[in-house]
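A structural walkthrough
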Amino acid sequence: TTGAGKTSLLRHLIGSNRDRVRFPPTSTEKPTVSDIEVIPAEGAFRAAVTFFSEHAIRANVEDCLLAAGSAVWDAMPDDKVADKLLHHADQRFRLSYILGAWNDTSDSVDDDDWDFGSAASPPAKLASDDREAVPPQDAIDLQAKLRRYVDRIRAVATEKANAIKEELLPDPSTAQAEDLQAALEIFQGELLDDDAFRDLVLDIMDDVQLRFERLEVGELTRRGKSASWPILWTYESNDRDEFLRQVRWFSSNYAPAFGRLLTPLVDGIRVQGPLFPVFTDRRAKVVYLDGQGLGHTPDSSSSVTTHVTERFADVDRILLVDNAEQPIQAAAQAVLRAVAASGNYGKLVIAFTHFD
């Protein structure tokens, strides 16, 4: 289940140091959103990263902008509008990784938020040799562009909202819940059809695509009529640290790098190389498959998706990682039922975490 520690377990199995390597990413904020395959093998380090289609990413951007527009409809402040824009409702697609995190000194900032500071005095957290972190001046530029996006969606949404509320909700305090919901749906429909809204979607898509141009190494494969949207990135290196540093652009949740990461665009990651555990000299021939945790979305708490169950027949072991601090919850029980129903119960292994 999400947060049980499955990716932390994977790190132990491939000898990945949490503080120095940071691959795969671990966090309480559901960082694993793509499929990850790790193949421990002697030889050079190799990676292949596949991306979601341009159509799928554009649909997510539209959803985020629509949610931001709905926040304007509800008269929310800029920080709430920015939050809706940067974080998709299902928590899989996070524009903050690509566009940068919202940082407004007038808003309250949580301890976990990254404070970019000013160009004159970079934050103390930022190490001088941290090549992944966004430079202070770039962070300021990202923040300015993000604020322009918020201002634009506020301007478009406010105009539409005022017109619709004036016509359909002259006195909102006496309106029925059905009327409020109907007015909101009309507002969202008109927002989607607005030319300024579509221009904003295209501008953000252009901004997203620019992140691919900043890749320093590897080879991008593009396909399609325009051949502009990448579908695959491949890379090979003999240097472990440099290899993992480049792969982290596609998997990281490292806050100082927000604004440069490609993580939300990634569909799958496969890496191969001498990724062996440090607690044993055994070099087993094995492939580790990791993915989005159960319960990441509400529907995955009560059932197991076909994306997972269709792999049961292809693997040698099905490893259910669960948190020992609590009784087995609905998501883990759903796995047990799915494994038994598919006749693969002989492959099931359970690893309980947090025993200490």
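Glancing now at the overall build of the chain. A count of helices and strands for the chain gives ten helices and eight strands. The proportion of buried residues among the 356 residues of the chain is 44%. Considering only intrachain contacts with a sequence separation of at least 6, the fraction spanning at least 24 residues in the chain is 74%. For the chain, the exposed surface amounts to about 18700 Å²; the carbon and sulfur share of it is 49%.

Before going further, it helps to examine the pattern of salt bridges. Scanning all chains against the criterion turns up 15 salt bridges. Between Glu213 and Arg222 there is a salt bridge whose closest N-O contact spans 3.4 Å. We classify Arg222 as partly exposed; its relative accessible area is 31%. Two residues, Arg245 and Glu242, come together in a salt bridge whose shortest N-O distance is 3.3 Å. With Arg245 and Glu242 both in helix H8 (residues 240-247) and three residues apart, the pair spans about one turn of that helix. Both residues of the pair, Arg245 and Glu242, belong to the buried class. Each of the salt bridges in this network shares a partner with another, and the network as a whole consists of Asp35, Glu37, Arg270 and Arg311.

A grouping of Glu166, Glu167, Glu190 and Asp193 is seen on the molecular surface, where their side chains present a negatively charged patch. Mapped onto the elements, Glu166 comes out in helix H5 (residues 136-168). Overall, the relative accessible area of 66% leaves Glu166 in the exposed class.

Bringing the sheet that holds strand E4 (residues 230-237) into the picture now. One open sheet holds the six strands; their spatial order is E3-E4-E2-E5-E1-E6, and the pairing between them is mixed. The sheet is open, and its two edges are formed by strand E3 (219-222) and strand E6 (288-290), each paired on a single side. With strand direction ignored, the average angle separating the axes of adjacent strands in the sheet is 15°. The pairing of E3 with E4 spans four bridges and is antiparallel. Its bridge partner lying in E4, Leu220 is registered against Trp233. On the sheet, helix H1 (residues 6-13) packs against strand E1 (35-40) and E6 and is oriented at approximately 155° with respect to E6. Helix-sheet contacts for H8 involve strand E2 (45-51), E4 and strand E5 (266-273), and the interaxial angle to E4 is about 170°.

So, on to the confidence of the model for the chain. Averaged over every residue, the pLDDT of the chain is 82; residues scoring 70 or more account for 84%. Mean pLDDT across the secondary structure elements of the chain bottoms out at helix H6 (residues 177-193), with 83, and peaks at E2, with 95. pLDDT under 50 marks residues 106-129. Its contacts with residues more than four places away, or in other chains, come to 30 contacts.

Sizing a probe to match a water molecule and rolling it over the atoms shows the empty space that remains. By volume, the second largest pocket amounts to about 1300 Å³. In terms of lining, the second largest pocket is formed by 39 residues, of which the most central are Leu289, Asp290, Gly291, Val308 and Leu319. Within the residue set of the lining of the second largest pocket, elements represented by two or more residues are H1, E6, helix H9 (306-309) and strand E7 (318-323). Class assignment for the residues of the lining of the second largest pocket results in 19 nonpolar, nine polar and eleven charged.

Okay, the packing of helix H3 (residues 78-86) against H5 next. Where H3 meets H5, the axes come as close as 10 Å, and the angle between the chain directions of the two elements is 100°. On the basis of their axis angle, the class for H3 and H5 is roughly perpendicular. Counted together, Asp78, Val81, Ala82, Leu85 and Leu86 of H3 and Leu146, Arg147, Tyr149, Val150, Ile153 and Arg154 of H5 form the full contact between these two elements.

The rules we used
Residues numbered from 1 in each chain as written. Predicted model: local features only at pLDDT ≥ 70, side-chain atom pairs only at ≥ 80, totals over all residues. Heavy atoms only, no water. Helix = DSSP H or I, 4+ residues; strand = E, 2+ residues; numbered from the N terminus. Buried < 20%, exposed > 50% of the residue type's maximum accessible area, 1.4 Å probe, protein only. Contact = heavy atoms within 4.5 Å. Areas by Shrake-Rupley, 256 points an atom, 1.4 Å probe, with all protein chains shown as cover. Salt bridge = Lys/Arg side-chain N within 4 Å of Asp/Glu carboxyl O. Patch = residues over 30% accessible without salt bridge, like charges linked within 9 Å, V, L, I, M, F, W, Y side chains within 5 Å. Lys, Arg positive; Asp, Glu negative; His and termini not counted. Charge placed at Lys NZ, Arg CZ, Asp CG, Glu CD. Pairing = 2+ DSSP bridges. Axes fitted to C-alpha atoms, helices over the stretch in contact; angles between N-to-C directions. pLDDT = per-residue confidence, 0-100. 1 Å grid on protein atoms, 1.4 Å probe; cavity = no way out; pocket = protein on both sides within 12 Å on 5 of 7 lines; lining within 4 Å. Points joined across faces, edges and corners; volume = space filled by probe spheres on them. Nonpolar A, V, L, I, M, F, W, Y, C, P; charged D, E, K, R; others polar. Parallel < 35°, antiparallel > 145°, perpendicular 65-115°, else oblique.

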